[in-house]
Protein chains: 2
Amino acid sequence: MNDVEAIHARSRSCLDAMNRGDIDAVMDHYTDDAMLMFSGVPLVKGADAIRRHWESVDQADREAKLETLEITVEGDTAYEVALFEVVSVDDEGLEHQTSGKNVVVWRRGDDGRWRLNVDICATDF
Amino acid sequence: MNDVEAIHARSRSCLDAMNRGDIDAVMDHYTDDAMLMFSGVPLVKGADAIRRHWESVDQADREAKLETLEITVEGDTAYEVALFEVVSVDDEGLEHQTSGKNVVVWRRGDDGRWRLNVDICATDF
C-alpha cells in the first residue's frame, strides 16, 4: 500500500467511525495538537477539545459522505481536498442536507500512521 | 529570505491586493488550477472562475485581516493556517464583521514564486 492508498484508507476509516458514533476510533485519527476548523464553529484546538466537539454531535441520525478530489504527499505531510455531504434527521423527523468543501492536512506519526493535523470544512450555503 | 518568510510576504501582498481591489495583482497569487473553497460559496475551480469570484466582491468598503498561526514547508508545497476577520460596510452604511479560519496550500512555481493552490475559508458563524 503506497502513501496515497494509506491516506485514503485512513480517511475512510475516520469517516466510518464518525458515522457509527465511535468517538474513540474517531480520535485515533487526529494528532494531539490537531485543529478542527468548521463553518459555524470557532477554532477547536487540541485532541481534548476535538473529542468534546464530536461528543456534542448527535451521530445517531447523521450520515456524512466524502468525495476525495486530490491527495498530495510530501514527506511526512500530505493534504487531501474533498467535497462532503451530510444528511441528518432532526427530532421532528425532518431531513436536512448540508454540502461543502473539506481540506485535511495529514501528518505521518512516529508509528507510521497518518493522522489529521488540520481538518477544515466550509459549507456551501 | 527563507521559504517561510517568502510565503509570509506572498500572503501579505495577496491580502493587500484584495483590500485595495487590485484583481490582477490578486490573481498573480493563484495557480492556474487553484481551488477557492469559501463558506457560503460552492467550489470555485480554476483561475478564470476565481477571478470572476473576486470581481464580484465589492472591495471598496471591505477590509480583511489575517493572523497566521502556522506555516509548514515540505519541498515545493507548503500550508498556512490562519484566522481571518473581514469588516465590510453595506449600502446603508451598516458595518458587518465576519471572522473565521483559513487554510492555504501553497505551491512553488517553476519561476520560484509561491502561489495559492487551495484557499479554504470557514466562517465562525
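Residues numbered from 1 in each chain as written. Chains lettered and ligands numbered in written order. Predicted model: local features only at pLDDT ≥ 70, side-chain atom pairs only at ≥ 80, totals over all residues. Heavy atoms only, no water.

Caption draft 1: View of the environment of Leu36 of chain A. Along the chain, Leu36 of chain A turns up in strand S1 (residues 30-38). With near-sequence residues (within four places) excluded, Leu36 of chain A lies in contact with Tyr30, Leu43, Val44, Ile50, His53, Trp54 and Asp119 of chain A. (Helix = DSSP H or I, 4+ residues; strand = E, 2+ residues; numbered from the N terminus. Contact = heavy atoms within 4.5 Å.)

Caption draft 2: Region of the structure containing the side chain of His53 of chain B. Considering the arrangement of structural elements, one finds His53 of chain B in helix H3 (residues 47-56). Once residues lying within four places of it in the same chain are set aside, the contact partners of His53 of chain B are Leu36, Phe38, Val41 and Val44 of chain B.

Caption draft 3: Structural context of the relation of the copies chain A and chain B. With an RMSD of 0.0 Å, chain A superimposes on chain B once it is rotated by 180 degrees and translated 0.0 Å along the axis. The operation mapping one copy onto its partner corresponds to a two-fold rotation axis. Judged by C-alpha distance, Ala122 of chain A is the residue of chain A that lies nearest the rotation axis, at 2.3 Å. (Least-squares fit on C-alpha atoms with pLDDT ≥ 70 in both.)

Caption draft 4: Structural detail: the packing of aromatic side chains. Residue and element names in this part refer to chain A. Tallying each qualifying case throughout the model produces two aromatic pairs over all chains. Summarising the aromatic geometry, the rings of Phe38 and Trp54 are spaced 5.9 Å apart at their centres and angled 75 degrees between planes, so their arrangement reads as edge-to-face. Highlighted residues: Phe38 in strand S1 and Trp54 in helix H3 (residues 47-56), separated in sequence by 16 residues. Overall, the relative accessible area of 12% leaves Phe38 in the buried class. For Trp54, a relative accessible area of 3% corresponds to the buried category. (Phe/Tyr/Trp six-rings, centres within 6.5 Å; stacked < 30°, edge-to-face > 60°. Buried < 20%, exposed > 50% of the residue type's maximum accessible area, 1.4 Å probe, protein only.)

Caption draft 5: How the structure looks around the interface of chain A and chain B. Contact with chain A, which involves 32 residues of that partner, is made by 32 residues of chain B. Across the chain A/chain B interface, buried area totals approximately 2200 Å², and carbon plus sulfur atoms make up 68% of it. Considering only the side of chain A, the residues that lose the most area to chain B are Glu74, Tyr79 and Lys101 of chain A, jointly responsible for 23% of the buried surface there. Of the charged contacts in the structure, one is a salt bridge between Glu70 of chain A and Arg107 of chain B, with a shortest N-O distance of 4.0 Å. Contributing elements (two or more residues each) for the side of chain A that touches chain B: S1, strand S3 (62-74), strand S4 (77-89), strand S5 (95-108) and strand S6 (114-123) of chain A. Classifying every residue of the side of chain A that touches chain B by side-chain character gives 18 nonpolar, eight polar and six charged. (Buried area = accessible area lost by both parts, 1.4 Å probe. Salt bridge = Lys/Arg side-chain N within 4 Å of Asp/Glu carboxyl O. Nonpolar A, V, L, I, M, F, W, Y, C, P; charged D, E, K, R; others polar.)

That's the geometry; what it means functionally is another story.
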